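What the coordinates show
Chain residues, written in single-letter form:
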Amino acid sequence: MESGAVGGVGAIGGVGAARLLEKGQCSVTLCVRTPFEKLVVETPRGVIESKVLCVTDPGQMRPVDWVLLATKAHHTEGAAPWLKALAGPKTVIAVLHNGVEHVERVAPYANGARVLPVVVNCPADKAGLGRMVHRGSVRLVPPDDEQGRGLARLFEGTDVEVPPSKDILTDLWTKLCANCAQRPITGLTRRRREVLRLPEVSEVSLALARECAAVGRAVGAKLPESLPEDIVARQKKMSPDATTSMLTDAWEGKPLETDAFTGAVIRAGEKHGIPTPVTRIVHALSSAINRGAERL
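Here's what I pulled together on the structure shown here. Model, not experiment: these values are computed from the prediction.

**Some remarks on the pairing of strand 12 (residues 138-141)**
Pairing geometry for strand 9 (residues 119-121) and strand 12, over three bridges, is antiparallel. Within the sheet, the bridge partner assigned to V120 lies in strand 12 and is L140. As paired strands, strand 12 and strand 13 (residues 160-161) are joined by two bridges and run parallel to one another. Residue pairing across strands places R139 opposite E161, the latter belonging to strand 13. A crossover connection joins strand 12 to the parallel strand 13 through helix 4 (residues 146-154); in handedness this β-α-β unit is right-handed.

Structure (structure tokens):
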């Protein structure tokens, strides 16, 4: 039986852990600040309830086969003690982060482990300690390599889709374009996705998507010219009451996941000579909110 650990037992980490625990073919340890006895996930097909092993001290852990790193991207450094304890040369760290800099962000703390970038699609919310509400299908997209196919085998027999990608760079940047067009705006305005339907806001959203797509193409992602317009068109069909993780963080006074979104676009744009004026404005405003949150 393979061994696994989940770092960051929020919505995504909780949903992934629940599927592995339900399958029962992988030992799973939850790395948490506050322990709980049961993991309860409400899903479209019913409630998954599992007894769990929670550990609060990295010093109690040894290297495992798999680490599912589901923290927010800006919490990676804080997870360093856990990675040092959990990771070894035979470990695979599946990075379930937003953005496109999974490997660059995690490699300094990987302790010799292999770092696997994963594109995550998981509509879920944390409802309390050890409780999640999962509203749709789960899709984890890793590269089509040995580790990516290993992740697919890990979730085999569950309802989690793990289709290895032949072009992970394009998949990462495609999602980043959609995220940059939506999440920073909801975080800044503290409004649900309905705000994206306002004509003047929709123009900002489109500009963010266009800049991100231009940078992505310069990096090497194969993004269609129509992608920004397609993203904005899809936004208008989304539930106006839907939230985003950046919005819920703003409501709770937590730092926004700015660096992994607009920060990544700006860095790559500078490297490849692509201007990102609208992204820079949004990033500056989001960063100002973060500095305010840090002082609270």
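**Here's the deal with the nonpolar core**
Ranked by internal contacts, the top residues of the largest apolar core, which has 36 residues, are L30, L151 and F155. Among the secondary structure elements, those contributing two or more residues to this core are helix 1 (11-23), strand 2 (26-31), strand 3 (38-43), strand 6 (66-69), strand 7 (92-95), strand 12 and helix 4. If one sorts the elements of this core by residue count, helix 1 sits on top with five residues. When near neighbours in sequence (up to four residues on either side) are disregarded, F155 contacts G16, R19, L20, K23, L68, L140, V160 and V162. Among the nonpolar cores identified, the runner-up in size contains 26 residues, and I168, C180, M246 and A268 belong to it.

**Describing the layout of surface pockets**
In this model, the second largest pocket occupies a volume close to 290 Å³. Around the second largest pocket, the lining comprises 15 residues; the ones closest to its centre are V100, E101, E104, W173 and V219. Contributions of two or more residues to the lining of the second largest pocket are made by helix 3 (102-106), helix 5 (168-189) and helix 9 (258-272). Looking at the lining of the second largest pocket residue by residue, the class counts come to nine nonpolar, two polar and four charged.

**Some thoughts on empty space enclosed by the protein**
The tally for this structure, following the rule as stated, stands at three cavities of 30 Å³ or more. Here the largest cavity is characterised by a volume of approximately 50 Å³. The set of elements that each furnish at least two residues to the lining of the largest cavity consists of strand 9 and helix 5. For the lining of the largest cavity, the element with the highest residue contribution is helix 5, accounting for four residues. Among the residues forming the lining of the largest cavity, the class breakdown is five nonpolar, five polar and one charged.

**Remarks on the state of the cysteines**
Scanning the entire structure with this criterion turns up zero disulfides. Unpaired in this structure, C177 has its nearest cysteine sulfur neighbour in C212, at a distance of 3.5 Å. Owing to a relative accessible area of 1%, C177 belongs among the buried residues under this scheme. Classification of C212 by relative accessible area gives buried; the value is 0%.

**What about the side chain of E257?**
Relative to the assigned elements, E257 resides in the loop between helix 8 (245-251) and helix 9. Among buried charged residues, E257 stands out as having no salt bridge; its nearest opposite-charge side chain is K72, 5.0 Å away. At 2.8 Å, the side chain of E257 forms a polar contact with the backbone nitrogen of A73. Side chain to side chain, E257 and N98 meet in a polar contact 3.1 Å long. For E257, the contacting residues outside a window of four places in its chain are K72, A73, H74, N98 and M246.

Parameters at a glance
Residues numbered from 1 in each chain as written. Predicted model: local features only at pLDDT ≥ 70, side-chain atom pairs only at ≥ 80, totals over all residues. Heavy atoms only, no water. Pairing = 2+ DSSP bridges. Helix = DSSP H or I, 4+ residues; strand = E, 2+ residues; numbered from the N terminus. Right-handed = clockwise from strand over helix to strand, strands pointing away. Core = buried A, V, L, I, M, F, W, Y, C linked by side-chain atoms within 4.5 Å. Buried < 20%, exposed > 50% of the residue type's maximum accessible area, 1.4 Å probe, protein only. Contact = heavy atoms within 4.5 Å. 1 Å grid on protein atoms, 1.4 Å probe; cavity = no way out; pocket = protein on both sides within 12 Å on 5 of 7 lines; lining within 4 Å. Points joined across faces, edges and corners; volume = space filled by probe spheres on them. Nonpolar A, V, L, I, M, F, W, Y, C, P; charged D, E, K, R; others polar. Disulfide = S-S within 2.5 Å. Lys, Arg positive; Asp, Glu negative; His and termini not counted. Salt bridge = Lys/Arg side-chain N within 4 Å of Asp/Glu carboxyl O. Polar contact = N/O pair within 3.5 Å; in protein donor to acceptor, adjacent residues only side chain to side chain.

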